[in-house]
Amino acid sequence: METLRIALLGAGTVGAGFVKLLDEQRSRFRAFGLEPALTGILVRDPHKPRPGWVPQGLLTTDVERVLGEADVVVELMGGTGKAGRLVLDALGEGLPVITANKALLAERWDELRPHATEGLLFYEASVMAGTPVVEPLSGALRGNRTLELHGILNGSTNYVIGRMEDSLGFAEALAEAQAKGFVEEDPFLDVGGIDAAHKLAVLARLAVDPDFSWEAVREHTRGIQDLSREQIFEAEAEGKRIRLVASLYPNGGRWKAAVRPVKLPADHPLARFGHARNALLYRGDAVGEVLISGGGAGSAVTASAVVGDLLRMLEGYPGHPPLPEAAPVPDYEPETFEEA
Ligand code: NAP
Ligand code: HSE
């Protein structure tokens, strides 16, 4: 057996879930003649209490110790600054990187894109956690011209809205989502719609335009921070449900990306999913309508995609490449939504 040396950046909700799942799936790695081993785990505070399965002796603030001897880097620390520097340094040295960090992918894409094109960057976990959408959009669905896509891409806000439907207040519902590990370190990223916008930018580059700019998504983003229980109950009385929907669709000869709370008929495919579940409704010219749904946040559900990416890499597949060039904007009438 040879050793697969994994540098792990972060041991929070997802990082700790990854350590556990990696151990549980050890036999999958042995099938490749490899024994996975963590070189170290980069954290801010090695003395913070963590689940018992996270090896205390590997926790460190020493970047060199973690990255010095690695074969692959798993980035689960979040943020665009330090995480960005470490990821770009590793990619620059030719190391493959697996990341769940959609903020980094969305906002520093210009620097990351050449490495993604080269096949060094794996990021299934960044959108809809363990529910596969990055891989289908970088593979099986490429046989289509994308017509439009709409998704519930943020688990926290879906959970909060669902709990408000159960009569909880906004703050109480958000605190529950935080306790479950769904919410970003800065909760405004979730409630302000920014996290869904980050994910939409990632999908847009896979589906329609490798240069889709983060700013173009950000400028049409509105979150749920002003949503009241009264609005939710009024919608229910009309047979509708409010959901934070991220959309990419043709508009006036260009692609438009938008994130906003909308009122959906209760039987709409995107209205069916509560709690932290996510869903993507994709329409392509050949395949027609595809609906992908599943868990969109949380420790194990996200770690599942990270371990999956590692195994995919060992099978010899490249990471997730963006679309090679921008797709022509179709002459197509997209679905319309009523903003809440
Ligand atoms: P988290 O619980 O806040 O964990 C972040 C980890 O990174 C912590 O261990 C933290 O160290 C470490 N870290 C953060 N900044 C650091 C720095 N400057 N230097 C060294 N270590 C640092 O976050 P998470 O929920 O696991 O999320 C991690 C990433 O996955 C983020 O990009 C997030 O957007 C993404 N993601 C999360 C979910 C989810 O459901 N939570 C799902 C999909 C994707 P300490 O523990 O010492 O503070
Ligand atoms: N904060 C994110 C969410 C985590 O709630 O969807 C998963 O990306």
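Residues numbered from 1 in each chain as written. Chains lettered and ligands numbered in written order. Predicted model: local features only at pLDDT ≥ 70, side-chain atom pairs only at ≥ 80, totals over all residues. Heavy atoms only, no water.

Draft legend 1. Representation of the packing of helix H1 (residues 13-24) against helix H14 (residues 299-314) in the model. At a closest axis distance of 8 Å, the pairing of H1 and H14 adopts a crossing angle of 60°. Here H1 lies oblique to H14, going by the angle between them. Crossing of H1 over H14 shows right-handed handedness. Where H1 approaches H14, its residues Thr13, Val14, Gly17, Phe18, Leu21 and Leu22 are matched on the opposing element by Ser299, Thr302, Ala303, Ser304, Val306, Val307 and Leu310. (Axes fitted to C-alpha atoms, helices over the stretch in contact; angles between N-to-C directions. Helix = DSSP H or I, 4+ residues; strand = E, 2+ residues; numbered from the N terminus. Parallel < 35°, antiparallel > 145°, perpendicular 65-115°, else oblique. Left-handed = near helix turned anticlockwise from the far one by under 90°. Contact = heavy atoms within 4.5 Å.)

Draft legend 2. Spatial organisation of the pairing of strand S1 (residues 2-9). As paired elements, S1 and strand S2 (residues 34-42) share eight bridges and run parallel to each other. Paired with leucine 8 across the strands is isoleucine 41, a residue of S2. Where S1 meets strand S4 (residues 72-75), four bridges bridge the pair, whose relative direction is parallel. Paired with isoleucine 6 across the bridge in S4 is valine 72. (Pairing = 2+ DSSP bridges.)

Draft legend 3. Expanded view of empty space enclosed by the protein. Following the criterion strictly, the structure yields one cavity of 30 Å³ or more and no others. Contributing to the lining of the largest cavity are Leu105, Trp109, Tyr123, Val202 and Arg205. Per-class residue counts for the lining of the largest cavity are four nonpolar, no polar and one charged. (1 Å grid on protein atoms, 1.4 Å probe; cavity = no way out; pocket = protein on both sides within 12 Å on 5 of 7 lines; lining within 4 Å. Points joined across faces, edges and corners; volume = space filled by probe spheres on them. Nonpolar A, V, L, I, M, F, W, Y, C, P; charged D, E, K, R; others polar.)

Draft legend 4. Focus on the UniProt feature "domain: Homoserine dehydrogenase catalytic" (unreviewed entry) in the protein. The positions that UniProt labels "domain: Homoserine dehydrogenase catalytic" (unreviewed entry) are, in the present scheme, residues 132-311. Across residues 132-311 one finds 39% helix and 26% strand; the C-alpha atoms that close the span lie 15 Å apart. (UniProt positions renumbered as here; feature names shortened; annotations may be inferred.)

Draft legend 5. Examining the sheet that holds S1 more closely. If you trace the six strands from one edge of the open sheet to the other, you get S3-S2-S1-S4-S5-S6, paired in parallel fashion. Two strands lie at the open edges of the sheet, namely strand S3 (59-60) and strand S6 (121-122), each paired on one side alone.

Draft legend 6. Up close: the packing of aromatic side chains. Applying the stated criterion across every chain yields a total of one aromatic pair. A centroid spacing of 5.8 Å and a plane angle of 65° characterise the contact between tyrosine 159 and phenylalanine 182, whose relative ring orientation is edge-to-face. Remark: phenylalanine 182 occurs in the loop between helix H9 (170-179) and helix H10 (188-191) and tyrosine 159 occurs in helix H8 (residues 155-165); sequence separation between them is 23 residues. Neither tyrosine 159 nor phenylalanine 182 differs from the other in exposure class; each is buried. Positioned above the aromatic ring of tryptophan 53 is the side chain of lysine 20, whose terminal nitrogen or guanidinium carbon lies 5.2 Å from the ring centre. (Phe/Tyr/Trp six-rings, centres within 6.5 Å; stacked < 30°, edge-to-face > 60°. Buried < 20%, exposed > 50% of the residue type's maximum accessible area, 1.4 Å probe, protein only. Lys NZ or Arg CZ within 6 Å of the ring centre and 35° of its normal.)

Draft legend 7. Spatial organisation of the site of ligand 1. What surrounds ligand 1 is a group of 24 residues, the closest being Asp45, Lys48, Arg50, Glu184 and Gly298. Backbone polar atom of threonine 13 to an oxygen atom of ligand 1: 2.9 Å apart, as the coordinates give it. Within the side chain of glutamate 184, an N or O atom sits 2.7 Å from an oxygen atom of ligand 1. Relative to its unbound accessible area of 900 Å², ligand 1 is 88% covered by the protein chains. (Near = heavy atom within 4 Å. Polar contact = N/O pair within 3.5 Å; in protein donor to acceptor, adjacent residues only side chain to side chain. Areas by Shrake-Rupley, 256 points an atom, 1.4 Å probe, with all protein chains shown as cover.)

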